[in-house]
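Descriptive structure summary
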Amino acid sequence: MTSAIMPTYARADIEMVRGEGVYMFDAQGRKYLDFISGIGVMALGHCHPHLVKALHEQGARLWHTSNLYRIPLAERLAERLAAVTFADTMFFTNSGAEAWECSVKVARSYHHAMGTPQKFRIITCSNAFHGRTMAGIAATDQEKLRKGFEPLPDWFKVVPFNDLAAVEAAIDDSVGAIKFEPIQGEGGFTAATPEFMTGVRKLCDDHGLLMILDEIQCGVGRTGKLFAHEHYGITPDVMSIAKGIGGGFPVGACLATERAAIGMTAGTHGSTYGGNPLAMAVANAVLDIVLEPGFLEHATQMGQRLEAAFQQLTPNLDDIFDPDAPLPGMGLMRGIKCKVPNRDFVNHARSEGILAAAAGKDVMRFLPPLIIEQNHIDEACERISAAAKTYRKPEA
Ligand SMILES: *Cc1c(COP(=O)(O)O)cnc(C)c1O
């Protein structure tokens, strides 16, 4: 496969040509049950009629104006998100990494505004994934992300995830914020413990630090709540979101309380495309559906059923999966621990018509659209079983 695209991905040699609900079809007409949804992006499945309509209508009206002018659709989306979250204010971006990067600038500008500019460092967690910008890769200890790009800025102190004592020990005069994913995505679907989440909140309050959550993968209904932190009964000061909020259109946002965003004044930040009318029309349409009564309850119920189905499945497939390991994740962000090489098995499962992805060193992860029904869960289990039966471990 030669291509003029930089070879930074180990892509599967498959061309997807069409999507419909929970399914995708390739150029050979093969049908796939899409239980990864473009890495958690297609929260409403492929070509949801309400999103297609919003995109078509806005596409015939106005695409882009830049932020030289007011964008009413962005104002509307911001008001709606503010109404259902802790946030008072937000900045729209085109990707998760930009939304996360904006949260770094919020933390910096906050401490400048407070007269504590020496608090420039941020505590982050091991195995984190915050995107591929230079700051994003500096914020994690994952070697495969950092390797070949050093030197990286010394702005982050990485501590073990879910280790509250390590966070506390890392707080010094240079630290201004603590930042992590409530449920680690790429890192292997490890969820923050309640003690960690509430403990970090308290440490932030006691030390004048900002608590920043990266809900780019776990947000927008993925865990059955609109945002994952709602399971823990705390609110952050700042939060980055993306993926699901665009339903397939590139949109991200950095949400903040008014106090945390005190330094983000006119001229301090910008984006040519951020919050453009096309993106905002689609994101508003996503919210229309996600905020409909019963939608999150459905996602919660499907999450419970998926977990139950996997619990039943794994003991029968114990040459592939570890039936004794708890299933990592939460809601419709669910993984299974593999005994065999996870990437290899994910690739094999695709040939049985089910799309998943690998996470961490041994997790097969699933991020199905939030609109799945019981029959899709049944079909997923059948296809995983079929894949397990035909799987041959690679020669060592
Ligand atoms: C995907 C992801 C990002 C990066 O988002 P991009 O849109 O790829 O820039 C950052 N953080 C988390 C938790 C993610 O899952």
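Under an unreviewed UniProt entry, the chain has the name Acetylornithine aminotransferase and belongs to Hankyongella ginsenosidimutans. The chain has a UniProt comment under Catalytic activity (unreviewed entry) that states "N(2)-acetyl-L-ornithine + 2-oxoglutarate = N-acetyl-L-glutamate 5-semialdehyde + L-glutamate". UniProt's Subcellular location (unreviewed entry) comment on the chain is quoted here verbatim: "Cytoplasm".

**Overview of the state of the cysteines**
All told, the structure shown has zero disulfides when counted by the stated rule. Cys254 provides the cysteine sulfur closest to Cys102, a residue in no disulfide bond, and the two sulfurs are 3.8 Å apart. Looking at Cys381, it has no disulfide partner, and the nearest cysteine sulfur is the one in Cys338, 14 Å off. Cys381 gets classed as buried once you look at its relative accessible area, which sits at 12%.

**Details of helix α3 (residues 72-84)**
In this model α3 runs 19 Å from its N-terminal to its C-terminal C-alpha over 13 residues, within 8% of the 18 Å that 1.5 Å per residue would give. Looking at α3, one finds that the buried residues are Ala74, Leu77, Ala78, Arg80 and Leu81. Buried residues of α3, seen end-on, are gathered within an arc of 165° and therefore sit on one face of the element. Opposite the buried face of α3, by more than 90 degrees, sit the exposed residues Pro72, Glu79 and Ala83. Here the buried face of α3 lies against β4 (89-93), β9 (238-241), β10 (252-256) and α9 (277-290).

**A word on the packing of helix α2 (residues 49-59) against α9**
Following both chains from N to C, one finds α2 and α9 inclined at 155°, their axes separated by 9 Å at the closest point. The pairing of α2 with α9 is recorded here as roughly antiparallel in orientation. Between α2 and α9 the crossing geometry is right-handed. Residue-level contacts link His50, Leu51, Ala54, Leu55, Gln58 and Gly59 of α2 to Pro277, Leu278, Ala281, Val282, Ala285, Val286, Asp288 and Ile289 of α9. Split by residue class, the contact of α2 with α9 holds ten nonpolar, three polar and one charged.

**A look at the pattern of salt bridges**
One pass over the full model with this rule turns up 15 salt bridges. For Arg80, the salt bridge is made with Asp288, and the minimal N-O distance between the two is 2.8 Å. Taken together, the residues span a long stretch of sequence, with Arg80 in helix α3 and Asp288 in helix α9 at a distance of 208 residues. In this structure Arg80 comes out as buried when scored by relative accessible area, which is 18%. Taking relative accessible area as the criterion, Asp288 reaches 27% and is therefore assigned partly exposed.

**Re the UniProt feature "binding site: pyridoxal 5'-phosphate" (unreviewed entry) in the chain**
Those places that UniProt annotates as "binding site: pyridoxal 5'-phosphate" (unreviewed entry) correspond, in this numbering, to Gly96, Ala97, Phe129, Asp214, Glu215, Ile216, Gln217 and Thr272. Taking the farthest pair of C-alpha atoms as the criterion, the annotated set spanning 177 residues is dispersed, since that pair is 25.3 Å apart. When near neighbours in sequence (up to four residues on either side) are disregarded, Ala97 contacts His130, Gly131, Arg132 and Thr133. Counting through the fold element by element, Thr272 comes out in the loop between β10 and α9. Aside from chain neighbours lying at most four places away, what touches Thr272 is His64, Ser66 and Asn67.

The rules we used
- Residues numbered from 1 in each chain as written.
- Predicted model: local features only at pLDDT ≥ 70, side-chain atom pairs only at ≥ 80, totals over all residues.
- Heavy atoms only, no water.
- UniProt positions renumbered as here; feature names shortened; annotations may be inferred.
- Disulfide = S-S within 2.5 Å.
- Buried < 20%, exposed > 50% of the residue type's maximum accessible area, 1.4 Å probe, protein only.
- Helix = DSSP H or I, 4+ residues; strand = E, 2+ residues; numbered from the N terminus.
- Expected span 1.5 Å × (residues − 1).
- Arc of directions from axis to C-beta.
- Contact = heavy atoms within 4.5 Å.
- Axes fitted to C-alpha atoms, helices over the stretch in contact; angles between N-to-C directions.
- Parallel < 35°, antiparallel > 145°, perpendicular 65-115°, else oblique.
- Left-handed = near helix turned anticlockwise from the far one by under 90°.
- Nonpolar A, V, L, I, M, F, W, Y, C, P; charged D, E, K, R; others polar.
- Salt bridge = Lys/Arg side-chain N within 4 Å of Asp/Glu carboxyl O.

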